[in-house]
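Descriptive analysis of the structure
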Amino acid sequence: MTKTVYTFGGDAPHDDPRQGDKTITGGKGANLAEMASIGLPVPPGFTITTEECLTYLAGEKGFSDGLRSAVADAVAHIERATGKRFGDASPDGPGPLLVSVRSGAAISMPGMMDTVLNLGLNDETVEGLAATSTDERFAWDSYRRFIQMYGDVVLGVNHGLFEEALEIVKEDNGYYADTELSAEEWRTLVDEYKSIVASELGEPFPQDPHEQLWGAIGAVFDSWDTERAKIYRRLNDIPHDMGTAVNVQAMVFGNMGDTSATGVAFTRDPSTGTRRYYGEYLINAQGEDVVAGIRTPQYLTKVAREEAGAKPLSMEEALPDAYGELARVFDLLEGHYKDMQDIEFTVERGKLWMLQTRTGKRTAKAALKMAVDMEGEGLITREEAVARIDPMALDQLLHPTLDPEAERNVLTKGLPASPGAAAGKIVLDADTAEQWANRGDKVILVRVETSPEDIHGMHAAQGILTARGGMTSHAAVVARGMGRPCVSGANGISIDRTERTLRIGSREMKEGDEVTLDGGTGEVMLGIVPTVDPELEGDFGVLMEWADALRRMRVRTNAETPEDCRMARSFGAEGIGLCRTEHMFFDASRIRAVRQMILAEDEAGRRGALDQLLPEQRADFAAIFETMAGLPCTIRLLDPPLHEFLPTQASEFEELADATGLGVDHLKRRAGELHEFNPMLGHRGCRLGITFPEIYEMQARAIFEAACNVKASSGEAPLPEIMIPLVATRRELELLRALVDRIADQVFEEKGIRLDYLVGTMIELPRAALMAGEIAEEGAFFSFGTNDLTQTTLGVSRDDAGRFLGPYVEKGIFARDPFVSLDIDGVGQLVEMAAENGRRVRPDIKLGICGEHGGDPASIAFCESVGLDYVSASPYRVPIARLAAAQAALKAREG
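Structural notes, computed from the coordinates.

Parameters at a glance
Residues numbered from 1 in each chain as written. Predicted model: local features only at pLDDT ≥ 70, side-chain atom pairs only at ≥ 80, totals over all residues. Heavy atoms only, no water. Axes fitted to C-alpha atoms, helices over the stretch in contact; angles between N-to-C directions. Helix = DSSP H or I, 4+ residues; strand = E, 2+ residues; numbered from the N terminus. Parallel < 35°, antiparallel > 145°, perpendicular 65-115°, else oblique. Left-handed = near helix turned anticlockwise from the far one by under 90°. Contact = heavy atoms within 4.5 Å. Nonpolar A, V, L, I, M, F, W, Y, C, P; charged D, E, K, R; others polar. Phe/Tyr/Trp six-rings, centres within 6.5 Å; stacked < 30°, edge-to-face > 60°. Buried < 20%, exposed > 50% of the residue type's maximum accessible area, 1.4 Å probe, protein only. Patch = residues over 30% accessible without salt bridge, like charges linked within 9 Å, V, L, I, M, F, W, Y side chains within 5 Å. Areas by Shrake-Rupley, 256 points an atom, 1.4 Å probe, with all protein chains shown as cover. Salt bridge = Lys/Arg side-chain N within 4 Å of Asp/Glu carboxyl O. 1 Å grid on protein atoms, 1.4 Å probe; cavity = no way out; pocket = protein on both sides within 12 Å on 5 of 7 lines; lining within 4 Å. Points joined across faces, edges and corners; volume = space filled by probe spheres on them. Pairing = 2+ DSSP bridges. Expected span 1.5 Å × (residues − 1).

This part is about the packing of helix α20 (residues 562-570) against helix α23 (residues 603-627). Helix-helix packing is characterised by the crossing angle of the two axes and by the distance between the axes. One can describe the packing of α20 onto α23 by two numbers: an axis separation of 9 Å at closest approach and a directional angle of 15°. Taken together, the axes of α20 and α23 are roughly parallel relative to one another. Note that α20 runs across α23; the crossing there is right-handed. Residues Pro 562, Cys 565, Arg 566 and Arg 569 of α20 form the contact with α23, whose own contacting residues are Ala 623, Ile 624 and Thr 627. In the contact of α20 with α23, the residues fall into four nonpolar, one polar and two charged.

A few words now on the packing of aromatic side chains. The tally for this structure, following the rule as stated, stands at 18 aromatic pairs. Both rings, one in Phe 146 and one in Phe 205, keep their centres 5.6 Å apart while their planes meet at 90°; by these two values the pair is edge-to-face. One end of the pair, Phe 146, is in helix α5 (residues 136-153); the other, Phe 205, is in the loop between α7 (183-201) and α8 (209-223), and 59 residues separate them in sequence. The exposure class of Phe 205 is buried, given its relative accessible area of 4%. Between Phe 266 and Tyr 278 the ring centres are 5.9 Å apart and the planes differ by 70°, which places this aromatic pair in the edge-to-face class. Of the two residues, Phe 266 sits in strand β8 (residues 261-266) while Tyr 278 sits in strand β9 (residues 278-283), which places them twelve residues apart along the sequence. The same class applies to Phe 266 as to Tyr 278, namely buried.

Our focus in this paragraph is the packing of helix α4 (residues 125-133) against α5. Remark: α4 packs on α5, axes separated minimally by 8 Å, with the N-to-C direction vectors making an angle of 145°. The interaxial crossing formed by α4 with α5 has right-handed handedness. For the pair formed by α4 and α5, the contact residues are Val 126, Glu 127, Leu 129, Ala 130 and Ser 133 on the first element and Glu 136, Phe 138, Ala 139, Trp 140, Ser 142 and Tyr 143 on the second. Grouping the amino acids of the contact of α4 with α5 by side-chain chemistry returns seven nonpolar, two polar and two charged.

A word on a nonpolar patch on the surface. Side chains of Phe 804, Tyr 808 and Ile 813 sit close together on the surface and give an oily, nonpolar patch of about 250 Å² of accessible area. Examined against the element boundaries, Tyr 808 turns out to sit in helix α32 (residues 805-810). When its relative accessible area of 33% is taken as the criterion, Tyr 808 is described as partly exposed.

Our focus in this paragraph is the layout of surface pockets. Considered as a void within the structure, the second largest pocket measures approximately 710 Å³ in volume. As for the second largest pocket, its lining consists of 33 residues, of which Met 680, Arg 684, Asp 788, Gln 791 and Arg 798 are closest to the centre. For the lining of the second largest pocket, the secondary-structure elements that each account for two or more residues are β27 (576-580), α21 (582-585) and α31 (786-794). Broken down by element, the residue count for the lining of the second largest pocket peaks at five residues, all from α31. For the lining of the second largest pocket, a count of residues per class yields eleven nonpolar, ten polar and twelve charged.

Now for the sheet that holds strand β10 (residues 298-299). Overall, antiparallel pairing links the five strands, which are arranged β10-β9-β8-β11-β12 in an open sheet. Looking at which strands have only one partner, the edges of the open sheet turn out to be β10 and β12 (351-359). For β8 and strand β11 (residues 341-348), the ladder comprises six bridges, and the chain directions are antiparallel. Paired with Ala 265 across the strands is Ile 343, a residue of β11. Together, β8, β11 and β12 form the strand contacts of helix α13 (residues 320-337), whose direction differs from that of β12 by roughly 30°.

An ideal rise of 1.5 Å per residue puts 26 Å on 18 residues; helix α3 (residues 65-82) measures up with 26 Å between its terminal C-alpha atoms. Backbone geometry just after α3 places Gly 83 at a positive phi near 75°.

A few words on the pattern of salt bridges. Opposite charge on two side chains makes pairing possible when the charged atoms of those side chains draw close. Summed over all chains, the structure comprises 65 salt bridges. In this structure, Arg 618 engages Glu 705 in a salt bridge whose closest nitrogen and oxygen atoms are separated by 2.5 Å. Taken as a pair, Arg 618 in helix α23 and Glu 705 in helix α27 (residues 693-714) lie far apart in primary sequence, 87 residues in all. Because the salt bridges share partners, they merge into one network encompassing Asp 141, Arg 144, Arg 145, Glu 167, Lys 170 and Asp 178.

Across the sheet, which stays open at both edges, the five strands sit in the order β1-β2-β7-β5-β6 with antiparallel pairing between neighbours. The open sheet terminates on both sides in strands that have one partner only, identified here as β1 (5-8) and β6 (115-119). Averaged over neighbouring strand pairs, the angle between their axes works out to 20° when direction is ignored. As defined by bridge partners, β1 adjoins strand β2 (residues 45-48) across four bridges and the pair is classed as antiparallel. Bridged to Tyr 6 within β2 is Thr 47. Taken strand by strand, helix α1 (residues 22-37) contacts β1, β2, β5 (99-105) and β7 (244-250), and its axis lies near 125° from that of β5.

So this is what it looks like as structure tokens:
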């Protein structure tokens, strides 16, 4: 029978390889066992595997006799290791065993699943705890915490009811902090909390510790399927079928007076990557106080406190012995895991205990610095440094930052919790943030503190601002993981949710007013502050050089303006993989001639309009070739259905009538004749070139004349690659290649210049993929247009799929949105087949991909596996593609 409960700490063995498998025991469980095995001070406990979670969620949410028996044995292990008994209320013994119950998925999901602390307390064991600890106040504080957390997480009682009761006691007594309440006041509040539970549920708070334990285990399993957890997994591409482990661990207490504390720390700065300890702690507190942002914590190190100008002593100063031990553990763990660690710890009456270590989330800037620095320190190899960076995280670095010379009207200042600049309209809750963002507004989510339920609003917002919480609070950790700028603990903010107003500093504001955040300094500014383009040097440049040396595939860009071409080249693009010529036709100065061409009754009319467009097209291509001199440029001839260019408004028909001398009624009739019921599968692509060859003749002439002119003026010839779109048969490409070759010969003869060029096609129809061998007889290259190939293979319209793709992904029909990440099993099979058949006929055929998938790391890995020569992405995705291509090459070498 497969073991599904693993113990750690104390005398527990750690020789079962399953215990170190994060897909089985979760990241937290695997790392707790690992820390215990190398001799670190870890409270004893046990882990219930993810397999039990999946069984629980798939069945009737019950627990087998086998699991109950294994958990009973594991509780006995904790009792032996601690000398305490679960449910023991004796005032003469070592005290009752209390435990924490925490989630622990294979992939870290900070704050998304549930935790229960101080489990095992009841009306009797609290008296035993008070006696054995000789601290009544601590015991009753722990009990009220347990009732509040268990009531919220397990019993479903609104946590706001408990918070309100606590605030009333504090207001009645003139207290500011929770730590000011006496033992007797906590005892009274416990009675109030139990009354709240009884009133809300119609039954008393559970007193049996074993009933409490199974309730908490079930709640943690259930939290895998909460809406906030599903949203987080969807945003971070985490599979929904992994489940979470449950970790049950002996409690250690940071709320036992001034020699006790709790904290969260990182072995390096997760915002900048600087090699120095970074973190926060609270004296006389429990871990949730730090993470939830209930209290604003103090700094870990003396240097950090002095830099911030803070008065409360750092942990280094207040608890020097415990801090010294913690620093030793930091160095040991980073050397052991060879990466920056995110650590949770508790100090109980001067003794340090480690509660968690995991690879820490970090900003893109920090990730680059850490990778480059660790390679320099000899901690990791250059290949490991390249493999370590999430390509999509680079997006954070590629967008503008605040102009340092711009005027700033600073309203208040908080903690610089996650760097970057963000500006937008204030919104006061997550639902509003999502609604406003969906209508196109840029928003800043402003909260007293964030909770896991805010995840969808945090994703929708440009930045996050909180009145409470530190730099390791929920808001800070999640914002850094998302790449969202965040300012936390801005005490100068008060919010009136009822009136939808707030005060920032001395200024009264309302929802919808605009502010700017600087997540690097913690400043909150009035209005929109100007930005400047990023400088991509330093660690970014170093790592990208390493990536370029490791990758096999080339990286091009999708661009059709000189501005986009320049931007892409600055990001490292090695040519153009897709120039969409139709985008050039929508310019206001040209659309009239385009419409004249479309609405013309005969070829002569069309050629007259095309003659007007020729010099414009030639100038377009010349500007691109000058920017991309010496590099290949794939230019797609006119592709979309003609109806996209036609007038729709009465004023547009009147303007066109004036220009052409034709009546409005005549033009409307002609537009009606061109109407198509399904234009995306209608008269478009190569079908236009075959029925109206003069269109492609004009474009081919513009391309070759521009290329010859650039070669003559600069001495450096571009390599035009002329792409015929929507080909389904060899004969279509044969006819249009002959047209292009004929025009090329004419231009070369006229100019007295010859240059190399290629003619190929876009593979975007299933038939083209199936017949790729035949088509390769005519085409020198294939570019896989995976946007349309996905549409035509799946029979799904990209423009309409948003209505149902979300549920399809949630239900596991698609692993991811197939328009974001390539459907490898279906569309990928067609790509692989076409590549193989094309190469069999033409071994030197050039193969690339130019759909949106060209900037998706998972799709790029597939392209490497089938041996494509290049990927092409939008300009801002070029660095992402460069890094992803290097990582794909590394994985291919590993086998």
